[in-house]
Amino acid sequence: MGLPDGKPQVGDRGDTPPRDLVIDLARFFCLVLVVVSHTMMVSPVLHPDGTVTSENTLGNQDWFEPVIWIFMVMPLFFVAGGITGLQSWRRLRDRGGTGFEFAQVRLLRLIRPAAALLAVMFTGLWAALLLGVHPQVIQLLATGAGMPLWFLAAYLAAQLSIPVLTRLHERSALPTLGGLAILVVTVDCFRGVLPLLAYANMVFLWCAVQQLGFVIADGHVSKVSRSGLVAVIILSNLLLAVLTGLGLYPGNMLVNLNPPNLTLLLLGISQAATLELFRPGLNSVASAGWVQKVLAVAGRRSMTVYLWHLPVLVAMSGLWLLTEFPKPAGGTAEWWWSRSVVLLGLITLLLPVLALFGRLEDRPTASIHTRRRPAAAVVTAAVVVFIPVTDAAFNGLTLGLLGGGAACFTLAALLLGRVPVRLPAEKVTRDAEPALPPPPFSANVEP
């Protein structure tokens, strides 16, 4: 499948595929939308008796439910992850890499920034508890600030499955996607009888959405006409309307998010088709020089922004309660106007966070002579990571779990070590020390 200018796209096979500017742009849009929407959701309230509660002001608006159908962009994140993940795995595989090496890279890129976040959150909240902050407030802050971690767990599980799902996809693409969809529906059918079973869709659902990215990357969607894409968008949303209208699923997509269900797969289909429908225009926008520079910078630090924006926002909102600044009631005109100030403050506070922790997104790369990590170390690291993540999914995030999670993530990073540089065999010479490509790196060329 090619871009409008004739260059090959991410799905094409080759050692040095060009970056897909449309995917860079889609990821950037999703990240901005998530950050902005969270500034309109977080609304702590200090009551006269000294207790603090949290209100989702945006979610309480009557007009919000139909709007969230459009702006629930988590499926698009996973579609983009499927496109880039497939291309990354194929490039590594073509150079002789293994699935364990791919898992090592993916784990390191995600858990190193998360380990720092958990450690800072645990230290800060523990210090606040020792200074006399009410335990209820500490729990509220831990729960709210840790919300982005569910995405990390789901995204990591989907990414680690890429080597296996790629093999199935290359044998039979659409039946593989259909099989995952059947698993999603099966879990939904039994979740009323076995509520814990619903969490299986944290894997099945997001892997199915990720598989949509595989289909796009290999050019299957490019064969569909523009009218066909429009039909896919209409039919997927029509089916979504029928399922929610009959009461089989909630109409609020935030409710459908955790644990996820079939509605998000239908949204993913609609968003994937929309992405391809508007690809020519999006590519023109993303091709502008200044846009490419913004996307390159944002792509290198997107995980840090995603992980840290909500903890910073929660902390900033909590401190605001302790000041004499006006605190308009949520949903009032004054409150909506104050969101611009909150967003500006959030961006300002994120800048030093990016300076301090942004480099943790950079892959710790060793020389070509470095020995590969044994498969047992990679498997152990994955298990260690998912222990606190699973606990948080079932029992909620607590102060103790923040500390335990920080320890587990740090241990996993130590087990994984550094990533040996792997070059095509014909480019490797004795005593060669390959140079890393100069920045800016592509937002979606991995590893």
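Residues numbered from 1 in each chain as written. Predicted model: local features only at pLDDT ≥ 70, side-chain atom pairs only at ≥ 80, totals over all residues. Heavy atoms only, no water.

Q: Quick question: what am I supposed to make of the overall build of the protein here?
A: Secondary structure summary: the protein contains 17 helices and four strands in total. Long-range pairs, those at least 24 residues apart, make up 82% of the contacts in the protein between residues at least 6 apart in sequence. Of the accessible surface of the protein, which amounts to about 20,800 Å², a share of 69% is contributed by carbon and sulfur atoms. (Helix = DSSP H or I, 4+ residues; strand = E, 2+ residues; numbered from the N terminus. Contact = heavy atoms within 4.5 Å. Areas by Shrake-Rupley, 256 points an atom, 1.4 Å probe, with all protein chains shown as cover.)

Q: Can you help me understand helix α12 (residues 279-286) in this one?
A: Turn by turn, an α-helix covers 3.6 residues, leaving residues three or four places apart pointing in a common direction. Looking only at α12, the buried set comprises R279, N283 and A286. Relative to the axis of α12, the buried residues are bounded by an arc of 65° and lie together on one face. (Buried < 20%, exposed > 50% of the residue type's maximum accessible area, 1.4 Å probe, protein only. Arc of directions from axis to C-beta.)

Q: What exactly am I supposed to notice about the nonpolar core here?
A: General note: in soluble globular proteins, nonpolar side chains tend to be found buried as a group. M74, F78, F151 and W206 are the most contacted members of the largest nonpolar core, which has 112 residues in total. By residue number, the principal contributor to this core is helix α4 (residues 99-130), which donates 14 residues. Excluding residues within four positions of it along the chain, F151 makes contact with M74, F77, F78, M303 and Y306. L21, L25, A286 and V291 belong to the second largest nonpolar core, which has five residues in total. (Core = buried A, V, L, I, M, F, W, Y, C linked by side-chain atoms within 4.5 Å.)

Q: What is the right way to look at the environment of G85 in this model?
A: Mapped onto the elements, G85 comes out in helix α3 (residues 74-94). Excluding residues within four positions of it along the chain, G85 makes contact with F102, R106, Q159 and I162.

Q: Help me understand the packing of aromatic side chains, please; the structure alone is not making it clear to me.
A: Both the distance between ring centres and the angle between the ring planes are used here to describe each pair of aromatic rings. According to the stated counting rule, one finds eight aromatic pairs in the structure shown. With centroids separated by 4.3 Å and ring planes inclined at 15°, the aromatic side chains of F78 and W206 adopt a geometry described as stacked. Here F78 is found in helix α3, whereas its partner W206 is found in helix α9 (residues 201-217), with 128 residues between them in sequence. Measuring from centroid to centroid gives 5.7 Å for W89 and F102, while their planes differ by 70°, and the two rings are edge-to-face. (Phe/Tyr/Trp six-rings, centres within 6.5 Å; stacked < 30°, edge-to-face > 60°.)

Q: Would you mind showing me how to read a nonpolar patch on the surface here?
A: Together, L235, L238, L239, V242, L246 and L248 make up an exposed nonpolar region whose accessible area comes to about 600 Å². Turning to its location among the elements, L246 is positioned in the loop between α10 (226-245) and α11 (262-277). Judged by its relative accessible area of 61%, L246 is exposed. (Patch = residues over 30% accessible without salt bridge, like charges linked within 9 Å, V, L, I, M, F, W, Y side chains within 5 Å. Salt bridge = Lys/Arg side-chain N within 4 Å of Asp/Glu carboxyl O.)

Q: What is the right way to look at the confidence of the model for the protein in this model?
A: Predicted coordinates in regions of low pLDDT should not be interpreted in detail. Scored by pLDDT, the protein has a mean of 84; 88% of the residues are at 70 or more. This stretch, residues 1-16, has a pLDDT under 50; its non-local contacts, to residues over four places away or in other chains, come to 36 contacts. (pLDDT = per-residue confidence, 0-100.)

Q: Which parts of the structure should I look at to understand the pattern of salt bridges?
A: Side-chain pairing between opposite charges can occur once the charged atoms of the two side chains come close. Inspection of every chain in the model, using the stated rule, returns seven salt bridges. A salt bridge links E170 to R93; the shortest N-O distance between them is 3.0 Å. Pair noted here: E170 is in helix α7 (residues 162-171) and R93 is in helix α3, with a separation of 77 residues, a long-range link. Its relative accessible area of 36% is what places E170 among the partly exposed residues. For R93, a relative accessible area of 26% gives the class partly exposed. The salt bridge partner of E276 is R279, with a shortest N-O separation of 3.0 Å. Note on R279: relative accessible area 4%, which makes it buried.

Q: Just to check I follow, could you spell out unusual backbone geometry for this structure?
A: Trans is the prevailing form of peptide bonds, just as negative phi is the prevailing case for residues other than glycine. P259 follows N258 through a cis peptide bond whose omega is 0°. Structurally, the position occupied by P259 is in the loop between α10 and α11.

Q: I keep staring at the packing of helix α1 (residues 21-39) against α3 and nothing clicks. Help me out?
A: Two measures define how a pair of helices packs: the angle their axes make with one another and the distance between the axes. Closest axis-to-axis distance for the α1/α3 pair is 10 Å, and the angle between their directions is 150°. Taken together, the axis directions place α1 and α3 in an arrangement best described as roughly antiparallel. Crossing angle aside, the handedness with which α1 passes α3 is left-handed. Every residue of α3 that contacts α1 at I23, A26, R27, C30, L31 and V34 is listed here: M74, L76, F77, A80, G81, I83 and T84. Residues of the contact of α1 with α3, tallied by class, amount to 10 nonpolar, two polar and one charged. (Axes fitted to C-alpha atoms, helices over the stretch in contact; angles between N-to-C directions. Parallel < 35°, antiparallel > 145°, perpendicular 65-115°, else oblique. Left-handed = near helix turned anticlockwise from the far one by under 90°. Nonpolar A, V, L, I, M, F, W, Y, C, P; charged D, E, K, R; others polar.)

Q: Whenever I open this one, α11 confuses me. Can you help?
A: In this model, α11 (16 residues) spans 23 Å end to end at C-alpha, consistent with the 22 Å of a helix rising 1.5 Å per residue. Counting buried residues along α11, 14 of its 16 residues qualify, which places the element largely inside the surrounding structure. (Expected span 1.5 Å × (residues − 1).)

Q: Just to check I follow, could you spell out the packing of α1 against helix α13 (residues 289-300) for this structure?
A: At a minimum axis separation of 10 Å, α1 and α13 run at an interaxial angle of 65°. Helix-helix and strand crossings are classified by hand; for α1 and α13 the assignment is left-handed. When α1 is examined against α13, the residues L21, D24, L25 and F28 are found in contact with a partner set consisting of Q292, V294, L295 and A298. By residue class, the composition of the contact of α1 with α13 is six nonpolar, one polar and one charged.

Q: Could you clarify how one ought to interpret the side chain of N252 in this entry?
A: Secondary-structure assignment places N252 in the loop between α10 and α11. Residue class for N252 comes out buried when judged on its relative accessible area of 17%. Here the side chain of N252 touches L254 through a polar contact of 2.9 Å, landing on its backbone nitrogen. Excluding residues that lie within four positions of it along the chain, N252 makes contacts with F64, E65 and I68. (Polar contact = N/O pair within 3.5 Å; in protein donor to acceptor, adjacent residues only side chain to side chain.)

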